[in-house]
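Each chain, letter by letter, is given below.
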Amino acid sequence: MSKGAKGAGRQLHGGKITYAVLTLFTIGSLFPLVWTAIAASRTSTRLAETPPPFWFGGNLFKNLDAAWNDVNMGAALLNTTMVAGTIAAGTVLFSTIAGFAFAKLRFRFKNLLLMLTIGTMMVPPQLSVVPLYMAIAKLQWTDQLQAVILPTLVSAFGVFFMRQYLTQALPTELIEAARVDGASSLRIIWHIVFPVARPAMAVLGMLTFVQAWNDFFWPIIALTQAGNPTVQVALTGLGRGYTVDQSLIMAGALLGTLPLLIAFVLFGKQIVGGIMQGAVKG
């Protein structure tokens, strides 16, 4: 029996160097979050001292309460959840349908349209700010959540991502067999495309949700801190005064990060499973 056959099914173990590298990467990844929590538990005066604090203080809950009430963080978290959830759902839905069309359907100018779609990724978003703001002002959507949601319901990256996945994961023969059985395009999308694309849809939804949650550039233009702010817009109202209260800003940033951490703790296994399944199929 060959060595490869004998080693089949055995669990691989990393060496000491592998664990050392992984430990360093883990510490480096967690440091910004831990430092935010440490800064949120201190006073702004202590943060300005040298050397800065490297352990928690006793003002964490006081600063969290002040940040929560100072900018109505509860409403901001609700708005951000609605915005990020709607954008993620719309991006996954439309990108999957468009990706299926580019991957498996035949129509005129398909390659040209795909190139144009991908080409929009190279256009800086700052170039579209002025005409986009003029459009939402004419629609009287200023300081309303739809002004942030509708312009980002479809992303070129999402279309390209789903197209690349479905090109390999979805057999053309399966679609042809469904056509022979008389299935319509909507039925094929619902019963064949969506189940096959589920791992990639989970990954795209997670990436889109996090990006929409952390988006600052367009929401700060379309929304106001006193009207319908998202978390990132609300944070701009913290620590105002003659001197900036850094500890209060850090407390607000910690509040804005906690929902993402809770979501990953609750659904982390499903998210990682979807990524691994998509990697194997791809």
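Residues numbered from 1 in each chain as written. Predicted model: local features only at pLDDT ≥ 70, side-chain atom pairs only at ≥ 80, totals over all residues. Heavy atoms only, no water.

A.B. asks: Please explain the overall build of the protein as it appears in this structure.
C.D. replies: Scanning the protein for helices and strands turns up 14 helices and zero strands. Walking the protein from its N terminus toward its C terminus, one meets helices and strands in the order α-α-α-α-α-α-α-α-α-α-α-α-α-α. Counting across all 282 residues of the protein, residues that qualify as buried make up 33%. For the protein, long-range pairs separated by at least 24 residues make up 72% of all intrachain contacts whose partners lie at least 6 apart in sequence. Accessible surface, the protein as shown: approximately 17500 Å² in total, 67% of it carbon and sulfur. (Helix = DSSP H or I, 4+ residues; strand = E, 2+ residues; numbered from the N terminus. Buried < 20%, exposed > 50% of the residue type's maximum accessible area, 1.4 Å probe, protein only. Contact = heavy atoms within 4.5 Å. Areas by Shrake-Rupley, 256 points an atom, 1.4 Å probe, with all protein chains shown as cover.)

A.B. asks: Please clarify how the UniProt feature "transmembrane region" (unreviewed entry) in the protein should be interpreted in this entry.
C.D. replies: Following the UniProt record, the feature "transmembrane region" (unreviewed entry) maps to residues 20-40, 82-103, 112-136, 148-167, 188-210 and 248-267 here. In residues 82-103, the share of helix is 100% and the share of strand is 0%. The end C-alpha atoms are 31 Å apart. (UniProt positions renumbered as here; feature names shortened; annotations may be inferred.)

A.B. asks: How do you make sense of the nonpolar core when you look at a structure like this?
C.D. replies: One recurring pattern in soluble globular proteins is that nonpolar side chains are buried together. Membership of the largest hydrophobic core comes to 32 residues, with the highest contact counts inside it found for Met73 and Val231. Ranked by residue count, the leading element in this core is helix H5 (residues 73-104), at six residues. Methionine 73 has contacts with Ala67, Trp68, Val231, Leu235, Gly252 and Leu255, leaving out every residue within four places of it along the chain. Membership of the second largest hydrophobic core comes to 21 residues, among which are Met162, Ala169, Ala178 and Phe194. (Core = buried A, V, L, I, M, F, W, Y, C linked by side-chain atoms within 4.5 Å.)

A.B. asks: What is the right way to look at a nonpolar patch on the surface in this model?
C.D. replies: Together, Phe107, Phe109, Leu112, Leu113 and Leu116 give the surface a local cluster of nonpolar side chains, amounting to about 480 Å² of exposed area. You can see leucine 112 is positioned in helix H6 (residues 110-119). (Patch = residues over 30% accessible without salt bridge, like charges linked within 9 Å, V, L, I, M, F, W, Y side chains within 5 Å. Salt bridge = Lys/Arg side-chain N within 4 Å of Asp/Glu carboxyl O.)

A.B. asks: What am I meant to see in helix H2 (residues 16-40) here?
C.D. replies: For an α-helix, the turn length of 3.6 residues means that residues three or four places apart are oriented alike. With 25 residues, H2 extends 35 Å between its outermost C-alpha atoms, agreeing within 8% with the 36 Å of an ideal straight helix rising 1.5 Å per residue. The sharpest bend along H2 reaches about 40 degrees and sits at phenylalanine 31, with the proline proline 32 one to four residues further on. Looking at H2, one finds that the buried residues are Thr36, Ala37, Ile38, Ala39 and Ala40. (Expected span 1.5 Å × (residues − 1). Bend = angle between axes of the 7 residues up to and from the residue.)

A.B. asks: Looking at this structure, I do not really get the packing of aromatic side chains. What am I missing?
C.D. replies: The geometry of two aromatic rings is summed up by the distance between their centres and the angle between their planes. Within this structure, the stated rule accounts for five aromatic pairs. Plain terms: the ring middles of tryptophan 55 and phenylalanine 56 are 5.2 Å apart, the flat faces sit at 75 degrees to each other, and that makes the pair edge-to-face. (Phe/Tyr/Trp six-rings, centres within 6.5 Å; stacked < 30°, edge-to-face > 60°.)

A.B. asks: Could you clarify how one ought to interpret the packing of helix H9 (residues 156-169) against helix H11 (residues 185-214) in this entry?
C.D. replies: Two quantities define a packed helix pair, namely the angle between the helix axes and the distance between the axes. Direction vectors running N to C along H9 and H11 enclose 135 degrees, while the axes themselves pass 10 Å from each other. Classified by the interaxial angle, the pair formed by H9 and H11 is oblique. Judged by the twist between their axes, the crossing of H9 over H11 is right-handed. Contacts between H9 and H11 pair Phe157, Gly158, Phe161, Met162, Tyr165, Leu166 and Ala169 from the former with Val193, Val196, Ala197, Pro199, Ala200, Met201, Val203 and Leu204 from the latter. Here the contact of H9 with H11 is built from residues that sort into 14 nonpolar, one polar and no charged. (Axes fitted to C-alpha atoms, helices over the stretch in contact; angles between N-to-C directions. Parallel < 35°, antiparallel > 145°, perpendicular 65-115°, else oblique. Left-handed = near helix turned anticlockwise from the far one by under 90°. Nonpolar A, V, L, I, M, F, W, Y, C, P; charged D, E, K, R; others polar.)

A.B. asks: Please explain the side chain of threonine 80 as it appears in this structure.
C.D. replies: Residue position: threonine 80 is located in helix H5. Judged by relative accessible area, threonine 80 falls into the buried class, the value being 1%. Within the structure, threonine 80 has its side chain in polar contact with the backbone oxygen of alanine 76 (distance 2.7 Å). Those residues in contact with threonine 80 that lie beyond four places of it in its chain are Gly85, Trp213, Thr230 and Val231. (Polar contact = N/O pair within 3.5 Å; in protein donor to acceptor, adjacent residues only side chain to side chain.)

A.B. asks: Could you clarify how one ought to interpret the environment of methionine 73 in this entry?
C.D. replies: Here methionine 73 is to be found in helix H5. Residue classification places methionine 73 among the buried positions, given a relative accessible area of 0%. In sequence terms methionine 73 and valine 231 are 158 residues apart; their C-alpha atoms lie 7.1 Å from each other.

A.B. asks: I'm lost on the side chain of glutamine 232 in this one. Help?
C.D. replies: Within the secondary structure, glutamine 232 is located in helix H13 (residues 231-235). Glutamine 232 gets classed as buried once you look at its relative accessible area, which sits at 16%. Of note is the side chain of glutamine 232, whose polar atom sits 3.2 Å from the backbone oxygen of tryptophan 213. Sequence-distant contacts of glutamine 232, that is, excluding residues within four places in its chain, are made with Trp213, Asn214, Asp215 and Phe216.

A.B. asks: Help me out: how do you make sense of the environment of threonine 117 in this one?
C.D. replies: Its location among the elements puts threonine 117 in helix H6. Sequence separation between threonine 117 and phenylalanine 160 is 43 residues; the distance between their C-alpha atoms is 8.2 Å.

A.B. asks: Mind showing me how you'd approach the confidence of the model for the protein here?
C.D. replies: Detailed reading of the predicted model is not advised wherever pLDDT is low. When pLDDT is averaged along the protein, the result is 84, and 88% of the positions lie at 70 or above. Model confidence for the protein, summarised as mean pLDDT per element, is weakest for helix H1 (residues 3-7) at 52 and strongest for H5 at 92. (pLDDT = per-residue confidence, 0-100.)

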